[in-house]
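Examination of the molecular architecture
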Amino acid sequence: MSSVGAMLPYGRQSIDEEDIAAVVEVLRGDWLTTGPAVAAFEDALSAIAGGLPAVSTTSGTAALHTAYAAVGVGPGDEVVTTPLTFIATAATATLRGATVVFADVDEDTALIEPASVEAVVTERTAVIAAVDYAGQPADYAGLQPIADRVGALTLADAAHSIGGTAAGVPVGALADVTTMSFFPTKNVTTAEGGAVIARDGTLARRAREFHRLGMVRDPDRFVLSDEGPWHQEVQEFGLNYRLSDVACALGLSQVRRLGEFKRRRTEIVTRYDAMLAEVAGLRIPGRREDVDPMWHLYPIRVLGGRRREVFERMRSAGIGVQVNYLPVYRHPVYAELGYRRGLCPRAEAYYAQQLSLPLHPSLSDADVDRVIETLTGILR
Ligand SMILES: *Cc1c(COP(=O)(O)O)cnc(C)c1O
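In this text, all values refer to a predicted model and were calculated from it rather than measured experimentally.

The rules behind these values
- Residues numbered from 1 in each chain as written.
- Predicted model: local features only at pLDDT ≥ 70, side-chain atom pairs only at ≥ 80, totals over all residues.
- Heavy atoms only, no water.
- Helix = DSSP H or I, 4+ residues; strand = E, 2+ residues; numbered from the N terminus.
- Buried < 20%, exposed > 50% of the residue type's maximum accessible area, 1.4 Å probe, protein only.
- Contact = heavy atoms within 4.5 Å.
- Areas by Shrake-Rupley, 256 points an atom, 1.4 Å probe, with all protein chains shown as cover.
- Lys, Arg positive; Asp, Glu negative; His and termini not counted.
- Charge placed at Lys NZ, Arg CZ, Asp CG, Glu CD.
- Pairing = 2+ DSSP bridges.
- Right-handed = clockwise from strand over helix to strand, strands pointing away.
- Axes fitted to C-alpha atoms, helices over the stretch in contact; angles between N-to-C directions.
- Core = buried A, V, L, I, M, F, W, Y, C linked by side-chain atoms within 4.5 Å.
- Domains from an automatic or database assignment.
- Near = heavy atom within 4 Å.
- Polar contact = N/O pair within 3.5 Å; in protein donor to acceptor, adjacent residues only side chain to side chain.

1. Digging into the overall build of the chain
- Counting its secondary structure elements, the chain contains 13 helices and 15 strands.
- The buried share of the chain, reckoned over its 380 residues, is 55%.
- Long-range contacts, defined as pairs at least 24 residues apart, comprise 71% of the intrachain contacts of the chain with a sequence gap of at least 6.
- Summed over its atoms, the accessible surface of the chain is roughly 16100 Å², and 54% of this surface lies on carbon and sulfur atoms.
- Where the 36 positive side-chain charges of the chain centre and where its 47 negative ones centre are 6 Å apart.

Below, the structure is given as structure tokens:
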């Protein structure tokens, strides 16, 4: 795919002829949206998530917003989450009117730390939202008892981790509610897209209704009876977050390739690990025990205050490294709400050193070696 001279991206989609054919077939058919491809994609996601119900959405951000809405998160509620995530994990809770409370991360894995969560939960905590950073499932076994004790739910933002497992349990079934993203850089793509998966049937139903404007279609639940066979009604506000059949056809074809993607991502990570573990001036990603990650990112830490220099020199060499993520509360929008630097020192220290190396299935071994040689050359 890539050639010397072109920028090697840190992440990108892998689209094959079958993916293209699946989309073309939908374009020639009767349904562009809300048809059979949506149901088939949701069934495939459900199968990945141990059989729990899945609702597709227009993005991972929409999935998070839908999940918080389904839980009923609103003003007066607190959502505890990690600062080391994409803004959407927190912003969608803030937009629901909840107060976001940040808990610090494990300094080695960058996953939210149950002890830090324990220290900040209150009876107002409605959701503990963990992020499977880089593709490793967070410690849900540690988080669930804390949530249960205060009457909160666990949420897994699994934008990075579809196809992973923890103690043999698949991502999607590890938390009370799970959200996914199918943005092109993620592990499978629908161009834009996402999904909500819920353990509880009522929660799944609420998510489904929210993502179609709150429309209730079950006559047993109608407030307005005797309107006629056409009738459907709105009892709580929702939004239009429906994913199209065009996108779902691509998604269905992509999830069939999940095993292939996982194998290649794992091979690349193994190669990075082997070649970088002993290199002075960096640390390779820390591992949780008893998890089988679906690596989305390969986050190294650059020591000695050299992260910016390494970032710039890698980019100049045509290697599209990235930094994931600015601690969420440092975004001006949260700073204006009164969140201060220093809130989560381990997350801030991690961010200061973090650098994501290119990782996606279409990287060749030669690409990977070029990344390794360029990096070790800079650090030498
Ligand atoms: C990508 C991502 C999202 C948002 O997904 P979109 O599909 O881009 O809206 C949310 N959380 C995390 C951790 C992500 O990486």
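2. Quick notes on the pairing of strand S2 (residues 78-81)
- Alternating residues of S2 divide into Glu78 and Val80 and Val79 and Thr81, and every residue in both groups is buried.
- Here S2 pairs with strand S3 (residues 99-102) via four bridges, running parallel. For Val80, the partnering residue across the bridge sits in S3 and is Val101.
- Read from S2 through helix H4 (residues 88-95) to S3, the crossover connection turns out right-handed.
- Pairing of S2 with strand S4 (residues 125-131) involves four bridges; the strand directions are parallel. Note that in S4 the partner of Glu78 across the bridge is Thr125.

3. Overview of the sheet that holds S2
- Strand order in the open sheet formed by seven strands is S1-S9-S8-S5-S4-S2-S3, with mixed pairing between adjacent strands. Looking at strand neighbours, the two that pair on one side only are strand S1 (54-57) and S3, the edges of this open sheet. Along the sheet, successive strands turn relative to each other by an average axial angle of 20°, direction set aside.
- Against the sheet, helix H3 (residues 60-71) contacts S1, S2, S4, strand S5 (153-157), strand S8 (177-181) and strand S9 (194-198), and its axis sits at roughly 165° relative to S8.

4. Regarding the nonpolar core
- In terms of nonpolar packing, the biggest core is built from 113 residues, with Tyr68, Val117, Tyr272, Leu276, Met314, Leu357 and Leu375 touching the most fellow members.
- Among the domains, domain 1 (17-255) and domain 2 (258-379) are the pair contributing at least three residues each to this core.
- Setting aside residues up to four positions removed in sequence, Leu375 forms contacts with Leu276, Leu282, Ile300, Val310, Met314 and Leu357.

5. What to know about the site of the ligand
- Lining the immediate surroundings of the ligand are 15 residues, of which Gly60, Thr61, Asp157, Ser181 and Lys186 lie closest.
- In the model, a nitrogen atom of the ligand is placed 2.7 Å from a nitrogen or oxygen of the Asp157 side chain.
- The side chain of Ser181 places a nitrogen or oxygen atom 2.7 Å from an oxygen atom of the ligand.
- Bound to the protein, the ligand loses 93% of the 380 Å² it would expose on its own.

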